[in-house]
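As a plain string of letters, each chain reads:
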Amino acid sequence: MEKIDIKCLDETQLKEVFVKLSEKPFRASQVYQWMHQKLVTSIDEMTNLSKDLRAKLGEQFAFTVLTKAEMLVSSDASTRKYLLRLADNNVIETVWMKYRHGNSVCISSQVGCRMGCSFCASTLGGKIRDLTAAEMLEQVYAIIRDTGERVSNVVVMGTGEPLDNYDNLLQFIRMLTDDKGLHLSQRNVTVSTCGLLEPMRRLAEEQLAITLALSLHAPNDELRKQLMPVAKAYRIEQLLEACDYYFEKTGRRVSFEYSLIQGVNDSPKEAEQLAGLLYGRNCHVNLIPINPVKEKSYRRSDVTNVLRFQKILEKAKINATIRREMGTDIDAACGQLRRRYMEARNE
Ligand code: SAH
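Residues numbered from 1 in each chain as written. Predicted model: local features only at pLDDT ≥ 70, side-chain atom pairs only at ≥ 80, totals over all residues. Heavy atoms only, no water.

Caption draft 1: Representation of the site of the ligand. Residues in contact with the ligand amount to 18 residues; listed here are only the nearest, Glu-161, Ser-192, Ser-215, His-217 and Asn-291. Side-chain polar atom of Ser-215 to an oxygen atom of the ligand: 2.6 Å apart, as the coordinates give it. (Near = heavy atom within 4 Å. Polar contact = N/O pair within 3.5 Å; in protein donor to acceptor, adjacent residues only side chain to side chain.)

This is how it looks when you write it as structure tokens:
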């Protein structure tokens with residue numbers, strides 16, 4: 001039987017496990033602190049535990065540590081893209097971004113993705129597996145260890161569909177924001193979804209203060225279906241209802257992501273339709289000029305189209321910002337570094 005990963009357990013679960021092993025609950029608190037505040041990379045570093053206990057833990061449990069397979073730094077040093085290696089030798093991408101107001105980490109939630117969005121590199125090889133809560137946490141921890149800097153924001157916008165890995169995602173968020181761990185503010189955590197209806201509604205009911213972002217990319221179902229297979233399952237109207245429900249339950253304004261593709265979804269007609277759709281909603285639109293993926297023919301919208309699109313939204317009183325393009329010189333587009341790495345291995 002596979003061993004339980006000790007880093008996947010929250011403090012209460014860890015205490016329960018310790019009691020079963022006839023260990024005192026305060027030992028579990030110590031171990032929790034070593035893992036989630038001191039971010040140690042081995043059980044042997046937990047020096048206030050006896051050698052015997054350390055050996056016992058090492059035997060009983062798996063202990064996830066992610067190691068750096070590759071790292072690229074953008075020319076302005078504001079962005080680092082990491083390829084991190086998992087215990088089973090799969091690799092995942094994690095991005096570190098330095099902002100004036102604090103550092104942000106963009107994590108992956110799955111190895112690969114099964115959602116099939118037509119403009120995205122992460123989905124080209126399908127989904128391999130879900131990431132565990134420990135593997136999501138370790139992406140943040142590995143980067144803190146490597147940079148020596150604090151992290152204030154975490155966005156779940158890397159490879160994978162987070163709401164397709166719901167339970168592990170929730171465990172991850174709870175542990176990341178726990179005062180016994182890194183204690184990030186829930187307000188500084190964003191989860192981006194391609195629009196899975198039931199889990200969006202479920203998330204609204206969890207009483208979390210995190211930000212929900214919906215990847216919209218089109219103002220009507222017909223166009224959305226051409227870009228995103230998931231649009232065949234749920235209509236935009238249903239997704240917006242779920243967003244309204246999220247706002248109602250949490251008081252958190254929802255973000256909408258809209259990747260701009262030249263000549264596909266960036267005309268004034270689409271901007272006006274989007275404005276109509278979002279009219280009167282307390283929301284925020286993130287415009288992302290698409291990162292071209294070499295396997296696809298899509299091109300990034302030119303500056304004129306991007307600004308024209310933004311202007312139309314703002315005229316309709318919809319708050320819209322253009323995503324600061326960071327790290328395009330290091331292939332920061334979703335999933336591209338991992339793909340290049342795997343192609344190189346298969347040559
Ligand atoms: N599966 C989730 C989160 C991961 S993708 C989701 O769909 O939201 C994070 C964001 O990047 C999504 O809005 C996604 O549509 C967008 N994206 C994917 N590939 C892109 C590309 N090549 N250029 C610009 N944005 C892209």
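Caption draft 2: Quick peek at the domain arrangement of the protein. Here the protein is described as being made up of domain 1 (4-62) and domain 2 (69-346). For domain 1 and domain 2, the distance between their C-alpha centres works out to 33 Å. Each side of the interface is counted separately: domain 1 has 14 residues, and domain 2 has 15 residues. Of the roughly 1,200 Å² buried between domain 1 and domain 2 on both sides combined, carbon and sulfur atoms contribute 54%. The tally of links between domain 1 and domain 2 comes to two salt bridges. Counting across the interface, domain 1 meets domain 2 through ten residue pairs in polar contact (both at pLDDT 80 or more). When contributions to the side of domain 1 that touches domain 2 are tallied by element, the ones reaching two or more residues are helix 1 (11-20) and helix 2 (25-36). Per element, the largest residue contribution to the side of domain 1 that touches domain 2 is three residues, and it comes from helix 2. Tallied by class, the residues present in the side of domain 1 that touches domain 2 amount to six nonpolar, four polar and four charged. (Domains from an automatic or database assignment. Contact = heavy atoms within 4.5 Å. Buried area = accessible area lost by both parts, 1.4 Å probe. Salt bridge = Lys/Arg side-chain N within 4 Å of Asp/Glu carboxyl O. Helix = DSSP H or I, 4+ residues; strand = E, 2+ residues; numbered from the N terminus. Nonpolar A, V, L, I, M, F, W, Y, C, P; charged D, E, K, R; others polar.)

Caption draft 3: Summary view of a nonpolar patch on the surface. Together, Val-303, Leu-307 and Ile-322 make up an exposed nonpolar region whose accessible area comes to about 250 Å². By the secondary structure assignment, Leu-307 is in helix 10 (residues 303-315). (Patch = residues over 30% accessible without salt bridge, like charges linked within 9 Å, V, L, I, M, F, W, Y side chains within 5 Å. Areas by Shrake-Rupley, 256 points an atom, 1.4 Å probe, with all protein chains shown as cover.)

Caption draft 4: Quick look at unusual backbone geometry. Positive phi values are uncommon outside glycine, yet Asn-89 reaches one of about 75°. Note that Asn-89 resides in the loop between strand 2 (79-85) and strand 3 (91-99). For His-217, which is not a glycine, the phi torsion comes out positive at approximately 65°. Checked against the element boundaries, His-217 lands in the loop between strand 9 (211-215) and helix 7 (221-227).

Caption draft 5: Seen up close, the pattern of salt bridges. Evaluation of the coordinates by the stated rule reveals 19 salt bridges. Note that Asp-130 and Lys-127 form a salt bridge whose closest N and O atoms lie 3.1 Å from each other. A relative accessible area of 27% means that Asp-130 is categorised as partly exposed. For Glu-237, the salt bridge goes to Arg-235, with nearest N and O atoms at 3.3 Å. Each of the salt bridges in this network shares a partner with another, and the network as a whole consists of Arg-114, Lys-127, Asp-130 and Asp-164. (Buried < 20%, exposed > 50% of the residue type's maximum accessible area, 1.4 Å probe, protein only.)

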